[in-house]
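# Residue-level structure breakdown
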Amino acid sequence: MTTVPPLQAYSGSTPNDSEYYYSDNSKWTKDILVTRDPVFVNKAVVNGEYIGRKPHTYIYLAIAVTVLNPLLGPFAIMFAVMSTRSYDDGDIKSAVKWANYSFMLGMMTIGISVILYIAIGFSLSGLGTKGGHAP
């Protein structure tokens, strides 16, 4: 297959028409074989259909939660990655589901970690339950 420069393909083109490629062996000289059409390069379009906006994956929240609690945080990262992969596969429902799981696990991990760290702090300090120091 040979390509015809855009200026030779039709008279209305400009020198900056480098994004279009034309075939010299097609029936019509204006056939566009490859373009930068948003349908082909936009990840929100799968098989020519708009699947929707990419949901928030909360990957930064998941990374912060992993620093706060290294036992539960990696699961939040895993859910965020699964959300991105589902969206890339064109499954918007699963992408939203995994994003919600990532967010909820991140919030629960923050709450559990704060309560746990406060409890550990009180148990290691000398404070008693009546406000004074334990004997």
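UniProt lists a comment for the protein under the heading Subcellular location (unreviewed entry), and it reads "Membrane". The annotation that UniProt attaches to the protein under Sequence similarities (unreviewed entry) is "Belongs to the CD225/Dispanin family."

## What about the side chain of serine 83?
Mapped onto the secondary structure, serine 83 falls in helix α4 (residues 73–88). On the basis of relative accessible area, serine 83 is assigned to the buried category, the value being 1%.

## Thoughts on the packing of aromatic side chains
By the definition in use, this model includes four aromatic pairs. With 4.9 Å between their ring centres and 45 degrees between their planes, tyrosine 58 and phenylalanine 103 make a pair best called tilted. Residue tyrosine 58 is found in the loop between β5 (49–50) and α3 (59–68), and its partner phenylalanine 103 is found in helix α5 (residues 92–124); the two are separated by 45 residues along the sequence. Summarising the aromatic geometry, the rings of phenylalanine 79 and tryptophan 98 are spaced 5.4 Å apart at their centres and angled 25 degrees between planes, so their arrangement reads as stacked. Of this pair, phenylalanine 79 sits in helix α4 while tryptophan 98 sits in helix α5, and the two are 19 residues apart along the sequence. In terms of burial, phenylalanine 79 and tryptophan 98 fall into one category: buried. What links up through ring pairs into an aromatic cluster is the set Phe79, Trp98 and Tyr101. The ring of tryptophan 98 is capped by lysine 97, whose NZ or CZ atom sits 4.5 Å from the centre of that ring.

Rules behind the numbers
- Residues numbered from 1 in each chain as written.
- Predicted model: local features only at pLDDT ≥ 70, side-chain atom pairs only at ≥ 80, totals over all residues.
- Heavy atoms only, no water.
- UniProt positions renumbered as here; feature names shortened; annotations may be inferred.
- Helix = DSSP H or I, 4+ residues; strand = E, 2+ residues; numbered from the N terminus.
- Buried < 20%, exposed > 50% of the residue type's maximum accessible area, 1.4 Å probe, protein only.
- Phe/Tyr/Trp six-rings, centres within 6.5 Å; stacked < 30°, edge-to-face > 60°.
- Lys NZ or Arg CZ within 6 Å of the ring centre and 35° of its normal.

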